[in-house]
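# A closer look at the structure
In case you want the letters, here they are:
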Amino acid sequence: MVPSTNINTSRILLWHNAIRKELSEIAVETRKKQSSGDFTNLSSFNQRLQFIAEVCIFHSIAEDKVIFPAVDGELSFFQEHAEEESQFNDFRCLIEGIQSEGATSNSEVEFFSKLCSHADHIMETIERHFHNEEVQVLPLARKHFSFKRQCELLYQSLCMMPLKLIERVLPWLIGSLTAEETKMFLRNMKSAAPEMDSAIVTLFSGWACKARIEGLCLSSGASGLLYSDDDKRLDECGVTWCEVLVSRY
């Protein structure tokens, strides 16, 4: 059976939804800090913001350089992408400012008040941007591209990210997916890559499996992702689930 062409463009929604979830959690954490007055762990908070900022920025670069030119040469969200990058820079400046200048309770309260405002604004901006892409771009991709071509475009988009970022992004993304979505993601990635990229696909698949190894790996016998009687026998032989998954798909 040939997969429906709308299945793989929905893989873009996996990225969008993972970004939405991360930004929502950051906004919730910001409000908790503001209401509780607990301003500790700013460094880890800053790292989380910088990570999702990098994800969004390179996701936008991939759209501008790979997805949009393929779908419609005149289609552009450059202004929206630039606005988002500017807003993330504002996030970083706020955090770095409070860290470098030292903090009083008043300055921290003011800082988190500003950060809450920035969080709300960037979530509104990205939600509007994602909605426009999902309405304008995805239908064109479904209409004009085969399933295989859609897979290739998404693989090329992933490869626009630096390797160090991909190593962090893949387990983060996989951690937000269901078992079936993970299975499809890995299968599509392998089928989309050119033969010369077989080694890099194996590397990417291994990185993706970190999400399962770190608390979700099924060698412990937890129920879920593709864990069959055959997998149990492989566990007894000392073969990890992720090694099987990489070779299988």
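Residues numbered from 1 in each chain as written. Predicted model: local features only at pLDDT ≥ 70, side-chain atom pairs only at ≥ 80, totals over all residues. Heavy atoms only, no water.

### What about the overall build of the protein?
- The helix and strand tally for the protein stands at twelve helices and zero strands.
- Each helix and strand of the protein, ordered N terminal to C terminal, gives the series α-α-α-α-α-α-α-α-α-α-α-α.
- Every one of the 249 residues in the protein was classed for burial, and the buried ones make up 45%.
- Long-range pairs, those at least 24 residues apart, make up 77% of the contacts in the protein between residues at least 6 apart in sequence.
- Total accessible area computed for the protein in this model is approximately 12,800 Å², and 53% of it derives from carbon and sulfur atoms. (Helix = DSSP H or I, 4+ residues; strand = E, 2+ residues; numbered from the N terminus. Buried < 20%, exposed > 50% of the residue type's maximum accessible area, 1.4 Å probe, protein only. Contact = heavy atoms within 4.5 Å. Areas by Shrake-Rupley, 256 points an atom, 1.4 Å probe, with all protein chains shown as cover.)

### Details of the nonpolar core
- Membership of the largest hydrophobic core comes to 48 residues, with the highest contact counts inside it found for Ile52, Phe88, Trp172 and Phe185.
- Listing elements by their share of this core, those giving two or more residues are helix 1 (5-36), helix 2 (42-71), helix 3 (78-101), helix 4 (105-136), helix 6 (147-158), helix 7 (163-174), helix 8 (179-192) and helix 9 (198-208).
- Looking at which element gives the most residues to this core, the answer is helix 2, with eight residues.
- One finds Ile12, Ile67, Phe77 and Phe145 within the second-largest nonpolar core, a separate group that totals twelve residues. (Core = buried A, V, L, I, M, F, W, Y, C linked by side-chain atoms within 4.5 Å.)

### Description of helix 7
- Taking 1.5 Å per residue as the helical rise, helix 7 with its twelve residues ought to reach 16 Å, and the 17 Å between its terminal C-alpha atoms agrees with that figure.
- The set of residues buried in helix 7 consists of Leu165, Ile166, Val169, Leu170, Pro171, Trp172, Leu173 and Ile174. (Expected span 1.5 Å × (residues − 1).)

### Concerning the packing of helix 8 against helix 9
- Axis separation between helix 8 and helix 9 bottoms out at 10 Å; the angle between their running directions is 165°. Classified by the angle their axes make, helix 8 and helix 9 are roughly antiparallel. Between helix 8 and helix 9 the crossing geometry is right-handed. Touching Leu186, Met189 and Lys190 of helix 8 are Val201, Phe204, Ser205 and Ala208, all from helix 9.
- Here the residues of the contact of helix 8 with helix 9 are counted per class, giving five nonpolar, one polar and one charged. (Axes fitted to C-alpha atoms, helices over the stretch in contact; angles between N-to-C directions. Parallel < 35°, antiparallel > 145°, perpendicular 65-115°, else oblique. Left-handed = near helix turned anticlockwise from the far one by under 90°. Nonpolar A, V, L, I, M, F, W, Y, C, P; charged D, E, K, R; others polar.)

### Concerning the environment of Phe45
- Note on placement: Phe45 falls in helix 2.
- As a C-alpha pair, Phe45 and Glu29 span 16 residues in sequence and 8.9 Å in three-dimensional space.
- Ignoring sequence-local partners within four residues, the contact set of Phe45 consists of Ile26, Glu29, Thr30, Lys33, Ile95, Phe112 and Leu115.

### What about the side chain of Thr30?
- When you line up the elements, Thr30 lands in helix 1.
- Apart from residues lying up to four places away in sequence, Thr30 is in contact with Phe45, Phe112, Leu115 and Cys116.

### Let's talk about the packing of aromatic side chains
- The final tally for this structure, using the stated rule, is two aromatic pairs.
- Their ring planes at 80° and their centres at 5.5 Å tell us that Phe51 and Trp172 sit as a pair that is edge-to-face. On the criterion of sequence distance, the pair formed by Phe51 in helix 2 and Trp172 in helix 7 is long-range, its members being 121 residues apart. For the pair Phe51 and Trp172, a shared accessibility class is recorded, and that class is buried. (Phe/Tyr/Trp six-rings, centres within 6.5 Å; stacked < 30°, edge-to-face > 60°.)

### Remarks on the pattern of salt bridges
- Applying the stated criterion across every chain, the model contains nine salt bridges.
- The partner of Glu29 in a salt bridge is Arg48, and the shortest N-O contact between them spans 3.0 Å. Of this pair, Glu29 sits in helix 1 while Arg48 is found in helix 2, placing the two residues 19 residues apart along the sequence.
- What makes Glu29 partly exposed here is its relative accessible area of 24%.
- Note that Lys148 is salt-bridged to Glu152, the shortest N-O span being 3.6 Å. Taken together, the positions of Lys148 and Glu152, both in helix 6 and four residues apart, correspond to about one turn of that helix.
- By sharing partners, the salt bridges in this structure join Lys21, Glu22, Glu25, Glu29 and Arg48 into a single network. (Salt bridge = Lys/Arg side-chain N within 4 Å of Asp/Glu carboxyl O.)

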